[in-house]
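Structural features, examined
Take a look at the letters that make up each chain.
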Amino acid sequence: PKGLPVESADVPDEAYDDGRVAAEAIRRLQAAAQREDAPWFLAVGFYRPHLPFNAPKKYWDLHERTRMPLAAHRSPPEGAPVYAGVEWGELRAYIGMPQQGALTDDQQRELIHGYYASVSYVDAQIGRVLAEVERLGLSSNTIIVLWGDHGFHLGDHGFWCKHSNYEEAVRTPLIISVPGAARGAASATLVEAVDLYPTLVELAALPAAQVPQPFDGRSFAAA
């Protein structure tokens, strides 16, 4: 077993991984700011929201569990192929989760509560990093990407976790901030994760001779 699927210890942010990641990112930003003429790239990998849903208690307290809505549709779409779904074995590996069958309503609300708390927790950590970018005066020449690698089922269609072909699992967040570009612009253009690298290459105006070719993806900088 992997342990409990949720935890809400009354501890500071840096007691959990993502708080420490944010602190280290801030230290590296401060170091980068000292090298005024040197280009730099920083990848900050946060873990939440992801199982186990562990976050400091103060983030759990932001959400009222009794008001957590459960999925309206808890069975697969009629006629859907079996392989389109997921058995959510990842969640079943945690203590207290059933080896087969559905979760109780109480279990579902606890997990949804943990997911919301994890989102609030990582949102605060991202905010810490972005605030430091502003404080250091780096925002005027720094491209920032907020990107997630997958979505997550929270009981919809009777599924949990991510290993499905449904939109809830395969649609991901993607926000890019480019100095001088329009704010709040949105695009319905379909993009893939492999498109992110050539997009950054174009936005950063990197010399073609310094960039490995060919790309697997296509730039969506103009989108």
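For the structure itself, consult the block above.
Residues numbered from 1 in each chain as written. Predicted model: local features only at pLDDT ≥ 70, side-chain atom pairs only at ≥ 80, totals over all residues. Heavy atoms only, no water.

1. What about helix 6 (residues 196-203)?
Every buried residue belonging to helix 6 is among Leu196, Pro198, Thr199 and Val201, and all of these are buried. Buried residues along helix 6 sit in contact with strand 3 (144-147) and strand 6 (174-177). (Buried < 20%, exposed > 50% of the residue type's maximum accessible area, 1.4 Å probe, protein only. Helix = DSSP H or I, 4+ residues; strand = E, 2+ residues; numbered from the N terminus. Contact = heavy atoms within 4.5 Å.)

2. Details of the pattern of salt bridges
Working definition: two side chains of opposite charge can pair if their charged atoms are close together. One pass over the full model with this rule turns up nine salt bridges. Arg128 is paired through a salt bridge with Glu14; the nearest N and O atoms lie 3.1 Å apart. You can see Arg128 sitting in helix 4 (residues 105-135) and its partner Glu14 sitting in the loop between strand 1 (6-7) and helix 1 (17-33), a full 114 residues away along the chain. You can call Arg128 partly exposed: its relative accessible area is 26%. Linking Lys57 and Asp61 is a salt bridge whose minimum nitrogen-to-oxygen distance equals 2.8 Å. Accessibility expressed as a relative area gives 35% for Lys57, which makes it partly exposed. (Salt bridge = Lys/Arg side-chain N within 4 Å of Asp/Glu carboxyl O.)

3. Notes on the environment of Ala72
Tracing the chain through its elements places Ala72 in the loop between helix 2 (57-60) and helix 3 (89-92). The sequence separation of Ala72 and Asp156 amounts to 84 residues, and the corresponding C-alpha distance is 7.1 Å.

4. Section: unusual backbone geometry
Cis geometry marks the peptide bond from Arg48 to Pro49; its omega dihedral reads 0°. One can find Pro49 in the loop between helix 1 and strand 2 (53-54). Here the amide bond leading from Leu51 into Pro52 is cis, since omega sits at -10°, within 30 degrees of zero. If you trace the backbone, Pro52 turns up in the loop between helix 1 and strand 2. Residues other than glycine seldom take positive phi values, yet His157 does so here, at roughly 65°. Relative to the assigned elements, His157 resides in the loop between strand 4 (153-154) and strand 5 (160-161). Under the relative-accessibility criterion, His157 is labelled buried at 16%. At Ala205, a position not held by glycine, the phi torsion is positive, near 55°. Examined against the element boundaries, Ala205 turns out to sit in the segment after helix 6. Looking at Ala205, the relative accessible area reads 63%, which means it is exposed.

5. Some remarks on the packing of helix 1 against helix 4
The description of two packed helices rests on the angle between their axes and on the distance between the axes. The contact between helix 1 and helix 4 brings their axes to 9 Å, and the two run at 10°. Compared by their axis directions, helix 1 and helix 4 come out roughly parallel. Residue-level contacts link Asp17, Asp18, Gly19, Ala22, Ala23, Ala25, Ile26, Leu29 and Gln30 of helix 1 to Tyr121, Val122, Gln125, Arg128, Val129, Glu132, Val133 and Arg135 of helix 4. Its residues placed into classes, the contact of helix 1 with helix 4 shows nine nonpolar, three polar and five charged. (Axes fitted to C-alpha atoms, helices over the stretch in contact; angles between N-to-C directions. Parallel < 35°, antiparallel > 145°, perpendicular 65-115°, else oblique. Nonpolar A, V, L, I, M, F, W, Y, C, P; charged D, E, K, R; others polar.)

6. What to know about the environment of Leu136
Looking at the secondary structure, you find Leu136 in the loop between helix 4 and strand 3. Exposure remark for Leu136: the relative accessible area of 22% places this residue in the partly exposed category. The spatial distance from the C-alpha of Leu136 to the C-alpha of Ala32 is 9.7 Å, given a sequence separation of 104 residues. Sequence-distant contacts of Leu136, defined by excluding residues within four places in its chain, comprise Leu29, Gln30 and Ala33.

7. Some remarks on the nonpolar core
In terms of nonpolar packing, the biggest core is built from 23 residues, with Leu91, Leu111 and Trp160 touching the most fellow members. Elements that contribute at least two residues to this core include exactly helix 2, helix 4 and strand 5. Ranked by residues supplied to this core, first place goes to helix 4 with five residues. Core analysis: the second largest hydrophobic core is formed by six residues, Ala22, Leu29, Val129 and Leu138 among them. (Core = buried A, V, L, I, M, F, W, Y, C linked by side-chain atoms within 4.5 Å.)

8. Structural notes on the packing of aromatic side chains
Under the definition given, this model contains seven aromatic pairs. Summarising the aromatic geometry, the rings of Phe159 and Tyr166 are spaced 5.6 Å apart at their centres and angled 50° between planes, so their arrangement reads as tilted. The class of Phe159 is buried, set by a relative accessible area of 6%. Among the residues examined, Tyr166 registers a relative accessible area of 14% and is labelled buried. (Phe/Tyr/Trp six-rings, centres within 6.5 Å; stacked < 30°, edge-to-face > 60°.)

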